[in-house]
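The residues making up each chain are set out below.
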Amino acid sequence: MIYINNNKEFHLTNGMISYICRVEEKTGVLEQLYFGSAIPHQPTFDYLIEREIRPSNNFKKEDHTSSLEHIKQEMPMYGTTDFRYPAVEVQYPDGDAISHFNYSNYRISNKKRKIPNLPTSFYDEAEAETLTIVLKDRYSSLTIEMDYTIFKDFPIISRQNHIVHHDDCRYQLMRFMSMSLDLPIDDCDWLHLDGAWARETQVKRDKLHSGLQQISSTRGASSHIHNPFFAICEKSATEFQGDVYAFSLIYSGNFVGQIEVDTYRISRVQMGINPYQFSWQLEKGDVFSSPEVIMNYAQNGFNEMSRNFHAFFKKHLIRQTWASKERPVLINNWEATYFNFDESKIQALAQEAADLGIELFVLDDGWFGHRDNDASSLGNWQVDKRKLPHGIRSLSQKIHEKGLKFGLWFEPEMVSMDTPLYQAHPDWIVGHPQKNISHGRNQYVLDFSQNCVIDCIFEQMDAVLKACEIDYVKWDMNRYISEAYSVSLGKQRQGEFFHRYILGVYALYEKLLAKYPDLLIESCAGGGGRFDPALLYYAPQTWTSDDTDAIERLKIQYGASMVYPLSAIGSHVSEVPNHQVARMTSLKMRSDVALFGTFGYELDVTKLSQREKSQVKNQIILFKKHRMLLHTGTFFRLQSPFNGNVCAWMVVSENQTEALIGYYQILAEPNPPYQRLRLKGLNADFDYTIWEKEQVRTGKDLMAVGLIFGENYIDRASDFWQRQMAGDFSSKLIYLTRNKMQS
């Protein structure tokens, strides 16, 4: 999949995509030539070189075509005739930042480089190849190793960079992007996911404009505000047509993703660690590795882009013990009890849950210390005997005796002021000890850049986990980092804090999973405040949002599906009036939305009526019937809740023999027009039974004509006037199977 021409051209191709770069002969930089749909390999790609004389500073004396401002580059540097944002910035002992990284050599491998405590994609030797191009700095012994991985079965290139220090001088790394790509396009749109707490992953699409457009986080987490993903697309691109170039960063900390459109209509695309307040001291022998970026090219719109991400993450990023494993139907006690519970209440909830067919009971916040509200006990992971007098071990046994698995909530990165840990180790708190340290949700952040802090929290969690049978952990994180400072780093290394912090988070995940490899972890950060690919490497599902309202969840889950598979999208049926927006929706509507995710409940099942309990039982039976279809099938978005009153999506099995469609109407309309929904992903030659209509239609028909929601009331006027009207907040589930009578 990797071709090297004699004139130092590099071509990565797998029949779906091509990525071409070369060594520029006058400057020695790595020049970008092409990224897009696959093209045939040629003995030379010099016909792709564009180099005209333009007003500029030129790198070589008396040479008018050596300006780096007009060369598309793979590792651009500032200060050497390129005035756009660089991918690397190094401060030298003299205080300058003038670098020039020339091509040195290359190597090819079918083994993936593993970086300690930094999640990356993985693959077997037959599934991918990695090209490493080594650049050498003209002014120092620093080298940069650029990893390009191409995968056999995906239109995806992954990028990761490593800077290596070889001599005795001290350098300060100020900026180090995971990728930089100069695309010769500008008349395009860009799409990203923004939001806030309780309204995460809102789909935003804007026109590319001259200058800089950017998404980022400076909060210590990937954040509710921007997901570490964006895409550039043709203006005419839709869900099912048009070129899309998409980028997703495997990282959970401060990041930046930006597009800089220059005066010659070149779009410089960059993604990596946010350089704001970042610096990294390089000593002899040090290697600093950037997070990995996944570059995804789709020729047929956003649905194809998403399908690429979904399949790739399930095969090459999510732990394989869980990537295709059934996720249990869970119930979480949070909205049922908040902090106000005791053992009898938990036992009653668990028994009712077991009777309903639920498979996992999760005890949320409030089981430890003296945690009666959110101002106490974080960092003191000792069971509260007032609430659970027989302890967690006894409770776990009783939960398992009811036929349920048992899960527990932790917030390991945080500490409360009233704990022994806080009193004994004030130097373990993030912040400057002589300056104000703000709180969020009445809590403070533990300094995970210190190994002793990680070890202490692991020991506390391990004491709980090894004392009883715990099948699931919900790992929460409910505030961002401000006043970033670590007393352990010293004044020269404070710019390393944010990155060292998130490496510490990954280190704790590594320690837990090394000892408990079968543990199912669901990540959470006040909902979707840290929903990113890096955490999927450790935790195969994420609590998508604290907003559990079914109508709001249409947008949140629709947006999340742009990047993440349904098996990663945590979704529950909750109380009404909804605790976030006070909206009343039917139990059916709430279930029909939550079904397209991990699926679970977050309400007091002991207060349900017999009719509601019967509904819940049937919902759980329905989910279990379709669970593997939902979590292993191919997902298609059909109608966007951002564009109208209706949302629709569907999942099709890999062999195209069954499909499940979700159709949601937000508000009822008087005298509505006829409605049809064109389906996707079916086999045109198959006959399908529509179970809800007891009707057989062809796949080609269903994709060309669509499902018809209007009824035939010829000579049935009385039936029309007596029909049951859906009203506001209504939903339909439609199940198709290949007609068994078909040969």
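Looking at an unreviewed UniProt entry, one finds the protein chain named Alpha-galactosidase and attributed to Enterococcus casseliflavus EC20. Of the comments in the UniProt record for the protein chain, the one headed Sequence similarities (unreviewed entry) reads "Belongs to the glycosyl hydrolase 36 family."

So, about the environment of arginine 676. With respect to the secondary-structure elements, arginine 676 resides in strand E35 (residues 676-677). With relative accessibility at 54%, the residue arginine 676 sits in the exposed group. Separated by 30 residues in the primary sequence, arginine 676 and glycine 706 place their C-alpha atoms 5.7 Å from one another. Residues contacting arginine 676, with those up to four places away along its chain left out, are Gln639, Val705, Leu707 and Ile708.

This part takes up the domain arrangement of the protein chain. Looking at the assigned domains, one finds that the protein chain contains domain 1 (2-320) and domain 2 (646-738). The centre of domain 1, based on its C-alpha atoms, is set 43 Å off from the matching centre of domain 2.

In this section: the pattern of salt bridges. All chains considered together, the criterion is met by 49 salt bridges. Residues glutamate 127 and lysine 315 are paired through a salt bridge, measuring 3.7 Å at the closest nitrogen-oxygen approach. In this pair, glutamate 127 sits in the loop between strand E6 (101-109) and strand E7 (128-137) while lysine 315 sits in helix H1 (residues 301-316), placing the two residues 188 residues apart along the sequence. Look at glutamate 127 and you get buried, because its relative accessible area is 19%. The shortest N-O distance in the salt bridge between glutamate 413 and arginine 530 comes to 2.6 Å. Remark: arginine 530 occurs in the loop between strand E27 (520-523) and helix H9 (533-538) and glutamate 413 occurs in the loop between strand E23 (405-410) and strand E24 (414-415); sequence separation between them is 117 residues. With relative accessibility at 0%, the residue glutamate 413 sits in the buried group. The network of salt bridges with common partners includes Arg22, Glu24, Glu25, Glu31 and Arg51.

Taking burial as the measure, the five residues of strand E2 (residues 9-13) include five buried ones, the bulk of the element. Side chains Glu9, His11 and Thr13 project from E2 onto one buried face, and the interleaved Phe10 and Leu12 project onto a second face that is buried too. As judged from the four bridges shared by strand E1 (residues 2-5) and E2, these two strands associate in the antiparallel manner. When the sheet's bridge partners are listed, asparagine 5 is paired in E2 with glutamate 9. Joining the antiparallel neighbours E1 and E2 is a turn of three residues, in which lysine 8 adopts a positive phi near 60°. As paired strands, E2 and strand E3 (residues 17-23) are joined by five bridges and run antiparallel to one another. Across the sheet, histidine 11 pairs through a bridge with isoleucine 20, a residue of E3.

This paragraph deals with the UniProt feature "domain: Glycosyl hydrolase family 36 C-terminal" (unreviewed entry) in the protein chain. The UniProt feature table records "domain: Glycosyl hydrolase family 36 C-terminal" (unreviewed entry) at residues 647-736. Between the first and last C-alpha atoms of residues 647-736 the distance is 19 Å; the span itself is 12% helix and 37% strand.

Applying the stated criterion across every chain, the model contains zero disulfides. Summary of cysteine pairing: cysteine 468 is not part of a disulfide, and the nearest cysteine sulfur, belonging to cysteine 456, is at 19 Å.

Rules and cut-offs
- Residues numbered from 1 in each chain as written.
- Predicted model: local features only at pLDDT ≥ 70, side-chain atom pairs only at ≥ 80, totals over all residues.
- Heavy atoms only, no water.
- UniProt positions renumbered as here; feature names shortened; annotations may be inferred.
- Helix = DSSP H or I, 4+ residues; strand = E, 2+ residues; numbered from the N terminus.
- Buried < 20%, exposed > 50% of the residue type's maximum accessible area, 1.4 Å probe, protein only.
- Contact = heavy atoms within 4.5 Å.
- Domains from an automatic or database assignment.
- Salt bridge = Lys/Arg side-chain N within 4 Å of Asp/Glu carboxyl O.
- Pairing = 2+ DSSP bridges.
- Disulfide = S-S within 2.5 Å.

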